[in-house]
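Breakdown of the fold
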Amino acid sequence: METALSPIRSHHVAVIGAGPAGLVAARELRREGHSVVVFEKQKQVGGTWIYTDEVESDPLSVDPTRSVVHSSVYSSLRINGTRECTGFRDYPFVVRSGVSESRDRRRFPSHGEVLAYLQDFAREFGIEEMVRFETEVVKVSPAAEGEIGKWRVESTEKEKRVRRDEIYDAVVVCNGHYVEPRLAEIPGISSWPGKEMHSHNYRIPEPFKDQVVVLIGNSSSAEDISRDIATFAKEVHVACRSNPADTFIKQTGYNNLWKHSSIECVHEDGSVVFQNGKTISVDIIMHCTGYKYHFPFLDTNGVVTVDDNRVGPLYKDVFPPAFAPWLSFIGIPWQVLPFPMFELQSKWIAGVLSGRIPLPSKEDMIMEIKTFYSTLEVQGIPKRYTHRMGNTQFEYDNWLASQCGCSETEEWRKEMCLANVVRKEAHPETYRDEWEDHHLIFQAYQDFFSYS
Ligand code: FAD
């Protein structure tokens, strides 16, 4: 049975965060006729893409009293997908005419160019007028016990030291998911005398001069940071549990960078023992081991939980059935092209809130979630990978598009994305500067031209 909110209605909606997800959510909600307030704890739009030299006082980011730095972006970071695939569908990430010469025109530009693009987006669609900057949401809870709909949003404004307590019809959570580090478990670590840190607090390679560094992880960050650091460090060793146990490979083009399997244990004398049998005396271990979903402000009385990195229960990774559609989340899936997915999730949420797009009944949503969880279990996929999409992202995006009456993901975007994944794997050092998919670039620009 399908239930639609009717008649079509406009609601008062709080959006938490003015990163890419919050910006496009605000645009879509307003387009649909809702009134929107975006809460942003930083001074400007852009979220993760606001690079800062600042790092956290605890290099591992485990101290709960630390003051949190939002961005994990390092100085040398260039995007890991093409700019054609990265941008929002209806506001492509292209070099616009009239922009300053100082902009980064490369196909895989630096983080600063992404920030500039997001600032352009916010300006083009007048988003900033909806944003309350330097205002942190400290608590979100149902306005009245037992009543679905209406949320109490408590926030603090830094400058005026004002605390506000307001009621909204709906809340859209866009707080970003690359802030709360996840750490590897290392046998013996409590008595190991070296320095540990998480890549969240990595910015530049110079402090690693003459050091022996071990990076743990298999992500783009581990790949990029190991090469960055190798230009200064004495030795860099990358430990990755998905590598075969006997892996010991010297990286081509480097005389101080090796790949290993995982770390077996560490010792009081500063040594690190790898599964491949090698033992090395190490100064620094850097965890490039990803992040945990974290919603410190959200109080749903245990209805929405994060359990082994599964945020649940969520229908289609967006709506918790018990609160649908009055509470929603953007940007939960990973291994995706984030911006186009945020755009479709935003359109869906906006249309569902206004009653234009129907949602299944609460029971049907719960049933679908249960079936999905069982499928993961049967396939042996661990809970922590619940929101990993990879190749299934386009099916998901197309489902969202069908709900919203939008066109499906363009063929060139799919092909380009998949080709990039292969190229990145095969040529991690050069994929950002050498490519062969010129015919796909041509198709992308034909589409961009027709959109504009
Ligand atoms: P964010 O960009 O993190 O924005 C969240 C916003 O919410 C922030 O502005 C934050 O200040 C605000 N906020 C949080 N809590 C509160 C609160 N309580 N009150 C008020 N405001 C709050 N993606 C790509 O497409 N290509 C890449 O190459 C790429 N590389 C990446 C490299 C690194 C190192 C990292 C960490 C991520 C990378 N990503 C990349 C993914 C990137 O996170 C997404 O592109 C995107 O920034 C996520 O957008 P978001 O809006 O969900 O979150």
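Refer to the structure presented above.
What comes next concerns the included structure. Note that the coordinates shown come from a computational prediction; the quantities given were computed from them, not determined experimentally.

Thresholds applied
- Residues numbered from 1 in each chain as written.
- Predicted model: local features only at pLDDT ≥ 70, side-chain atom pairs only at ≥ 80, totals over all residues.
- Heavy atoms only, no water.
- Pairing = 2+ DSSP bridges.
- Helix = DSSP H or I, 4+ residues; strand = E, 2+ residues; numbered from the N terminus.
- Expected span 1.5 Å × (residues − 1).
- Buried < 20%, exposed > 50% of the residue type's maximum accessible area, 1.4 Å probe, protein only.
- Contact = heavy atoms within 4.5 Å.
- Salt bridge = Lys/Arg side-chain N within 4 Å of Asp/Glu carboxyl O.
- Near = heavy atom within 4 Å.
- Polar contact = N/O pair within 3.5 Å; in protein donor to acceptor, adjacent residues only side chain to side chain.
- Areas by Shrake-Rupley, 256 points an atom, 1.4 Å probe, with all protein chains shown as cover.
- Nonpolar A, V, L, I, M, F, W, Y, C, P; charged D, E, K, R; others polar.
- Right-handed = clockwise from strand over helix to strand, strands pointing away.
- Phe/Tyr/Trp six-rings, centres within 6.5 Å; stacked < 30°, edge-to-face > 60°.

1. Examining the sheet that holds strand β4 (residues 131-132)
Pairing within the open sheet is parallel, and its five strands lie in the order β4-β3-β2-β8-β22. Either end of the sheet is taken by a strand with one partner, and the two such strands are β4 and β22 (327-329). Sheet topology note: the strand β2 (residues 12-16)/strand β3 (residues 35-39) ladder contains five bridges and is parallel. Within the sheet, the bridge partner assigned to histidine 12 lies in β3 and is serine 35.

2. With respect to helix α1 (residues 20-31)
The terminal C-alpha atoms of α1 lie 17 Å apart, and with twelve residues this matches the ideal 16 Å at 1.5 Å per residue to within 8%. Extensive coverage of α1 is indicated by the burial of ten of its twelve residues. Buried residues of α1: Pro20, Ala21, Gly22, Leu23, Val24, Ala25, Ala26, Arg27, Glu28 and Leu29, and no others. Buried-residue contacts for α1 involve β2, β3, α3 (111-124), β8 (170-173) and α5 (338-354). Taken from the residues just after α1, glycine 33 is the one with a positive phi, measuring 100°.

3. As for the pattern of salt bridges
Going through the model one piece at a time under the given rule, you end up with 36 salt bridges. Across the pair glutamate 84 and arginine 107 runs a salt bridge whose closest N-O atoms are separated by 2.9 Å. Taken together, the positions of glutamate 84 in helix α2 (residues 83-86) and arginine 107 in the loop between α2 and α3 put the pair 23 residues apart, joining distant regions of the chain. Classification of glutamate 84 by relative accessible area gives buried; the value is 3%. Arginine 107 gets classed as buried once you look at its relative accessible area, which sits at 7%. One continuous salt-bridge network, built from bridges that share partners, spans Arg27, Glu28, Arg31, Asp90, Glu343 and Lys347.

4. Some details on the site of the ligand
Inspection of the region around the ligand gives 29 residues, with Glu40, Thr48, His70, Asn80 and Val137 positioned closest. Backbone polar atom of lysine 41 to a nitrogen atom of the ligand: 3.1 Å apart, as the coordinates give it. Protein contacts shield 93% of the accessible area of the ligand, which totals 980 Å² for the unbound molecule. Sorting the residues of the shell around the ligand by element identifies α1, β5 (135-142) and α5 as the ones contributing at least two each. Residue composition of the shell around the ligand, by class: 15 nonpolar, eleven polar and three charged.

5. Focus on the pairing of strand β11 (residues 212-216)
Where burial is concerned, most of β11 is hidden: five out of the five residues are buried. Residues Val212, Val214 and Ile216 line one face of β11 and the alternating positions Val213 and Leu215 line the opposite face, and both faces are buried. Between the parallel pair β11 and strand β12 (residues 235-239), the chain is carried across by helix α4 (residues 220-230), and the sense of this crossover is right-handed. Summarising the sheet, β11 and strand β18 (residues 284-287) pair through four bridges and their orientation is parallel. Pairing of leucine 215 across the sheet is with methionine 286, part of β18.

6. Overview of the side chain of threonine 300
Mapped onto the elements, threonine 300 comes out in the loop between β19 (291-292) and β20 (305-307). Looking at threonine 300, its side chain comes within polar contact range of the main-chain nitrogen of valine 304, at 2.9 Å. Residues contacting threonine 300, with those up to four places away along its chain left out, are Trp151, Phe323 and Leu327.

7. Side note on the packing of aromatic side chains
On inspection of all chains with the given rule, the structure shows 26 aromatic pairs. A centroid spacing of 6.4 Å and a plane angle of 10° characterise the contact between tyrosine 117 and phenylalanine 339, whose relative ring orientation is stacked. Note that tyrosine 117 is positioned in helix α3 and phenylalanine 339 in helix α5, a separation of 222 residues in sequence. The residues tyrosine 117 and phenylalanine 339 share a single accessibility class, namely buried. Ring geometry for phenylalanine 295 versus phenylalanine 329: centroids 5.3 Å apart, planes at 75°, classification edge-to-face. Taken as a pair, phenylalanine 295 in the loop between β19 and β20 and phenylalanine 329 in strand β22 lie far apart in primary sequence, 34 residues in all.

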